[in-house]
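Structural features, examined
Given next are the chains, with one letter for each unit.
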Amino acid sequence: MCKPRHRKGRAGESLPSWASSPARLRRRPEMARKGVSYVTAAEVVSMVRDPHVAIIDVRDEERICDAHIAGSHHYASDGFAERLPEIAEATRGKQTLVFHCALSQVRGPTCARMFSDYLSETKEDSAVKSITVLERGFNGWELSGRPVCRCKDALCKGVCS
């Protein structure tokens, strides 16, 4: 059964300070060292239909209970490390990967770095040139009025948005 989740930023509530300053997130030195950067929801909207881009949703059961970005792949963070070879295969031929979780503060960036490290360490034959994290995560995406999908498929076909 799905647990209720707390949403920030609804009418009358103020967003946390990090949300009002997305440029600050882009410059986090630890992310730059790992080759992972942040992208805005507006940037992702223009990338969603590109066949060389994969959106990787690492939320756990929230994905099943809530909506998701149409066309995204689902690899829950709680089993992410064990599925790295499978994720590499599923994203073969993709040049850009956009990771996100609910807020893209912990799980999204952690999985993005983990996947980047995996590709580096295994010398996996991959076309990936850019690994990014969606600023403000899925919650920010949805709150900004971006299109969402409510299907239950692990690999959303993108026809439900």
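Attention here is on the structure that accompanies the text. The shown structure was predicted, so the numbers you read here are calculated from the model rather than taken from an experiment. Each residue is numbered by its place in its chain's sequence as written, counting from 1. The model is predicted, so local features are restricted to residues of pLDDT at least 70 and side-chain atom pairs to those at 80 or more, both for listing and for counting; the totals for chains, interfaces and linings are taken over all residues. Hydrogens and water molecules were not included; the side-chain quantities draw on all heavy atoms of the structure.

Quick look at the layout of surface pockets
A volume near 160 Å³ is recorded for the largest pocket. Lining the largest pocket are 13 residues, and of these Val48, Asp50, Val53, Gly71 and Lys94 sit closest to its centre. Only DSSP runs of H or I reaching four residues or more are called helices, and only runs of E reaching two or more are called strands; each is numbered from the N terminus. Ranked by residues supplied to the lining of the largest pocket, first place goes to strand β2 (residues 53–57) with 3 residues. Each residue belonging to the lining of the largest pocket can be placed in one class, and the counts come to 6 nonpolar, 3 polar and 4 charged. Here a cavity is any set of points on a 1 Å grid over the protein atoms alone where a 1.4 Å probe fits but cannot get out, and a pocket is any open set with protein on both sides within 12 Å along at least 5 of 7 lines; a residue lines the site when it has an atom within 4 Å of a point. Grid points are joined across faces, edges and corners, and a volume is the space filled by probe spheres set on the points. Basically, the charged four are Asp, Glu, Lys and Arg, the nonpolar ten are Ala, Val, Leu, Ile, Met, Phe, Trp, Tyr, Cys and Pro, and anything else, Gly included, counts as polar.

Focus on the packing of aromatic side chains
Pairing of aromatic side chains here covers Phe, Tyr and the six-membered ring of Trp, requires ring centres within 6.5 Å, and sorts the geometry by plane angle: under 30 degrees stacked, over 60 edge-to-face, intermediate tilted. The full count for this structure, using the stated rule, is 3 aromatic pairs. An angle of 45 degrees between the planes, with centres 6.2 Å apart, marks the rings of phenylalanine 99 and phenylalanine 115 as tilted. With a gap of 16 residues between them, phenylalanine 99 in strand β4 (residues 96–100) and phenylalanine 115 in helix α6 (residues 107–122) connect regions that are remote in the sequence. In this structure, phenylalanine 99 and phenylalanine 115 share a single accessibility class: buried. Relative to tyrosine 118, the ring of phenylalanine 115 has its centre 6.3 Å away and its plane inclined at 25 degrees; by these criteria the two rings are stacked. With phenylalanine 115 and tyrosine 118 both in helix α6, this residue pair falls 3 residues apart, about one helical turn. Only protein chains enter the accessibility calculation, which uses a 1.4 Å probe. A residue is then buried if its area is under 20% of the maximum for its type, exposed if over 50%, and partly exposed in between.

Section: the sheet that holds strand β1 (residues 36–39)
Pairing between strands is defined by DSSP: at least two bridges between the two strands are required. Within the open sheet, the 5 strands sit side by side as β1-β5-β4-β2-β3. Their pairing is parallel. A single partner strand is all that each edge strand has here, and the edge strands are β1 and β3 (73–74). In this sheet, β4 lies alongside β2 in parallel orientation, the contact comprising 5 bridges. What sits directly across from aspartate 57, in β4, is histidine 100.

It is worth stressing that arrangement in space is one thing and function is another; only the former is reported here.
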